[in-house]
Amino acid sequence: MRRWVRNLFYRATLGDHGYRFLFESGPPDEVVVLDCETTGLNPRTDEVIAVAAIVIRGNRIETSKAYRAVMQADKAPTSQSIKIHRLRARDVAQGRPMHEVLPELLRFIGGRPIVGYYVDFDVRMLDKYVLRYIEAKLPNPRIEVSEIYFALKYRGAPPGTVLDLRFQSILSDLGIPSLEQHDAFNDALMTGMMYVQLRDMRQRGARIGRERAVRQEAPIGA
């Protein structure tokens with residue numbers, strides 16, 4: 001089902017009409033950057049344990065108005081996930097319940113487009129909670145920073161060119177300082193800086209050089 005058709009359906013069948021603002025356009029020239037930390041990578045079985053959202057107004061990243069929260073989870077973080085985001089079981093246990101966080105987060109996001117790095121994963125992780133809460137999924141337009149980066153660096157590249165869309169590689173190409181990663185706020189902030197710079201480059205018709213790209217000999221990991 002095309003997203004716009006799905007959104008029409010969800011708007012008509014919305015369980016809580018107090019959230020109709022999600023289906024309306026947000027303030028002009030504003031987007032919200034979103035990042036989630038999770039207990040794993042399976043949207044069906046894993047849970048969101050931390051979230052951060054930052055509004056970008058024009059070219060200004062509104063860090064002073066960011067939303068962030070650590071949430072309780074039924075599924076405890078695994079040793080593998082703790083190595084990534086450093087949120088231990090006791091940290092999560094001290095977090096807030098999702099039923100408190102979610103209404104605040106939805107009102108913070110509003111109808112703004114959602115910007116992210118592999119944003120579909122973050123939205124899908126949140127959607128399972130949103131669907132239970134308001135009987136709809138997030139209708140917001142999504143903006144994927146790696147797609148903008150791909151267009152500015154690899155569009156028109158010769159066959160066999162290695163496509164390196166890793167988060168750290170984008171930071172390096174754009175000259176953005178690397179903060180401590182896998183912290184929801186830091187990741188959202190870095191993604192926001194990527195978006196502002198990439199959007200500016202796209203508007204100016206600038207491209208990113210492919211000096212580091214080589215002929216592909218074997219698949220690489222993301």
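This text goes with the structure placed above it.
Predicted model only: the values in this text are computed from it and were never measured.

Conventions adopted
Residues numbered from 1 in each chain as written. Predicted model: local features only at pLDDT ≥ 70, side-chain atom pairs only at ≥ 80, totals over all residues. Heavy atoms only, no water. Helix = DSSP H or I, 4+ residues; strand = E, 2+ residues; numbered from the N terminus. Buried < 20%, exposed > 50% of the residue type's maximum accessible area, 1.4 Å probe, protein only. Areas by Shrake-Rupley, 256 points an atom, 1.4 Å probe, with all protein chains shown as cover. Pairing = 2+ DSSP bridges. Axes fitted to C-alpha atoms, helices over the stretch in contact; angles between N-to-C directions. Contact = heavy atoms within 4.5 Å. Core = buried A, V, L, I, M, F, W, Y, C linked by side-chain atoms within 4.5 Å.

### Section: the overall build of the protein
The number of helices and strands found in the protein is eight helices and five strands. When the elements of the protein are put in sequence order from the N terminus, they spell out α-β-β-β-α-α-α-β-α-β-α-α-α. Relative to its full complement of 222 residues, the protein shows a buried share of 48%. When the accessible surface of the protein is split by element, carbon and sulfur atoms take 52% of a total near 11700 Å².

### Quick look at the pairing of strand β2 (residues 48-57)
The buried fraction of β2 is high, at nine of ten residues. Note: strand β1 (residues 30-38) against β2, nine bridges, orientation antiparallel. Residue pairing across strands places V31 opposite I56, the latter belonging to β2. The loop that links β2 with its antiparallel partner strand β3 (residues 60-70) comprises two residues; one of these, G58, has a positive phi angle of about 65°.

### Notes on the sheet that holds β3
Spatially, the five strands line up as an open sheet ordered β3-β2-β1-β4-β5, and their pairing is mixed. Each end of this open sheet is capped by a strand with a single partner; those strands are β3 and β5 (142-144). Averaged over all adjacent pairs, the angle separating strand axes in this sheet is 25°, with direction ignored. Across two bridges, the pairing between β1 and strand β4 (residues 114-116) is parallel. From the neighbouring strand, V32 faces β4, where its bridge partner is I114. Against the sheet, helix α5 (residues 119-134) touches β1, β2, β4 and β5, its axis set at about 75° to β1. The strands touched by helix α6 (residues 145-153) are β4 and β5; relative to β5, the strand with the most contacts, the crossing angle is about 45°.

### Description of the environment of I208
Turning to its location among the elements, I208 is positioned in the segment after α8 (184-204). On the basis of relative accessibility, which here comes to 10%, the residue I208 falls in the buried class. A C-alpha to C-alpha distance of 8.1 Å links I208 and Y149, two positions 59 residues apart in sequence. Excluding anything up to four places from it in sequence, I208 contacts Y149, L152, K153, D173, L174, L198 and M201.

### Points about the side chain of T39
Within the element layout of this structure, T39 appears in the loop between β1 and β2. Here T39 falls in the buried class, since its relative accessible area comes to 3%.

### Quick look at the nonpolar core
Ranked by internal contacts, the top residues of the largest apolar core, which has 32 residues, are V48, V51, Y67 and I114. For this core, the elements supplying multiple residues, two or more each, are β1, β2, β3, α4 (98-109) and α5. Within the second largest apolar cluster, 30 residues are counted, among which are I148, Y149, I170 and L198.

### Some points on the pairing of β1
Taking burial as the measure, the nine residues of β1 include nine buried ones, the bulk of the element. On β1, burial covers both faces: E30, V32, L34, C36 and T38 on one face and V31, V33, D35 and E37 on the other are all buried.

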